[in-house]
Amino acid sequence: MIPRVTISDDYSISRLIKGGWHLAGDHGPIDRAQAVDDMATFVEAGITTFDCADIYTDVEALIGEFRTKYPDHARRVQIHTKFVPDLSDLARADRNLVERIVDRSLRRLRVERIDIVQFHWWDYSVPRYVDIALELDRQRKAGKIARVGATNFDVPHLTEIVDAGVPIVSHQIQYSLLDDRPRRKMVDFCRQNNIALLCYGTVAGGFLSERWLGQEEPANTFANRSLIKYKLIIDDLGGWGLFQRLLETLHRIAGKHGCDIASVATRAILDREGVAAAIVGATNTRHLSAHGQISKLALDAQDIVAIEEALKDRTGPAGDVYELERDIKGPHGRIMKYELNK
């Protein structure tokens, strides 16, 4: 079974969270009935916390279908969704928009209250993010949301929201051996403010796996947006050669412990300060047995030193959390979809 962690009062989640982005249509066709049945299998394996979003096309509705088909399983599940207003809506975002999107999520998920709603804001130059965070907290006080979280904020702007009195309990961020931006300031800030880190990208869309070990650098034509996204992170890290050195190191560590590269990469992040859980993206249950091995894996000091040594020549990614992705005209920003909440 997957270990659990308490992140707020008596609220506990599984330390591996089932991600929902991979069911949103950018990773190939989805068999709805199979996706619903797979959710039950994840719960049976101890992965009882599900991550989704208002902008993950149809994923909230899939979870709602799961809840109806498997009511006993559903009672064991924690649901984290997101509030992500479209870029074009930021300037006019208000109480009505927040309430409309939250109410829609409640209907889709078929719940009376959402465990955590995680707030994302595309453009800080539109200065309404504090007001909207306060509106989400108003929804919490009204009983529609149990807790307010954040996703992809940098330290200065998350500070503004916390200083305004919004009780942020979690922050979902990209954090992996390839992307260490949270280590610069965010980890300390969240520790000081009792904010749990929920981390996505720990296996970089599958790049941190045996599949890519010893492979030539691919052309920038990939089957899904995850691979496009994380190849950019590899480029920022220092390039394909450095990435291969990391994979070779992880492969040796995995052999030592009798597991795979992805398990080592995920365990290394779970062991870092402030990390409550890792989000594992999956379109099916193919890797579920490997996920179960992560809780048994204990990396030793020698393993950690070897990983740090493999990454000593890294050159990036630069900046604060999600800073590169906020440049709409830059390579990271150009692959984003900003109008998904219509």
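First things first, this report covers the structure right here in the doc. (Residues numbered from 1 in each chain as written. Predicted model: local features only at pLDDT ≥ 70, side-chain atom pairs only at ≥ 80, totals over all residues. Heavy atoms only, no water.)

**Brief notes about the environment of L270**
Reasoning step 1: Structurally, the position occupied by L270 is in helix α10 (residues 261–270).
Reasoning step 2: Put simply, L270 and P317 are 47 residues apart on the chain and 20 Å apart in space, counted from C-alpha to C-alpha.
Reasoning step 3: With near-sequence residues (within four places) excluded, L270 lies in contact with R15, L16, V275, A276, A277, A278 and I294. (Helix = DSSP H or I, 4+ residues; strand = E, 2+ residues; numbered from the N terminus. Contact = heavy atoms within 4.5 Å.)

**Section: the packing of aromatic side chains**
Reasoning step 1: All told, the structure shown has 15 aromatic pairs when counted by the stated rule.
Reasoning step 2: Seen from their ring centres, W122 and Y338 are 4.7 Å apart, and the 70 degrees between their planes marks the pair as edge-to-face. Of this pair, W122 sits in the loop between β6 (116–119) and α5 (129–141) while Y338 sits in the segment after α12 (301–310); the two residues are 216 residues apart in sequence, bridging distant segments of the chain.
Reasoning step 3: Among the residues examined, W122 registers a relative accessible area of 9% and is labelled buried.
Reasoning step 4: Taking the centre distance of 5.7 Å and the plane angle of 70 degrees together, the rings of Y124 and Y129 count as edge-to-face. As far as the burial class goes, Y124 and Y129 line up, both buried. (Phe/Tyr/Trp six-rings, centres within 6.5 Å; stacked < 30°, edge-to-face > 60°. Buried < 20%, exposed > 50% of the residue type's maximum accessible area, 1.4 Å probe, protein only.)

**Thoughts on the environment of Q118**
Reasoning step 1: Counting through the fold element by element, Q118 comes out in strand β6.
Reasoning step 2: Residue Q118 is classed as buried on the basis of its relative accessible area, which comes to 0%.
Reasoning step 3: Sequence separation between Q118 and H80 is 38 residues, and the spatial gap between their C-alpha atoms is 7.2 Å.
Reasoning step 4: With residues up to four places along the chain from it excluded, the contact list for Q118 reads D51, H80, T81, K82, F83, G149, A150, T151, S170, Q172 and L198.

**Focus: empty space enclosed by the protein**
Reasoning step 1: Summed over all chains, the structure comprises three cavities of 30 Å³ or more.
Reasoning step 2: Contributing to the lining of the largest cavity are I2, P3, R15, L16, R267, L270, H291, I294 and S295.
Reasoning step 3: Elements with a contribution of two residues or more to the lining of the largest cavity: α10 and α11 (288–294).
Reasoning step 4: When the residues that make up the lining of the largest cavity are grouped by side-chain class, the tally is five nonpolar, two polar and two charged. (1 Å grid on protein atoms, 1.4 Å probe; cavity = no way out; pocket = protein on both sides within 12 Å on 5 of 7 lines; lining within 4 Å. Points joined across faces, edges and corners; volume = space filled by probe spheres on them. Nonpolar A, V, L, I, M, F, W, Y, C, P; charged D, E, K, R; others polar.)

None of the figures reported here should be taken as evidence of function without further support.
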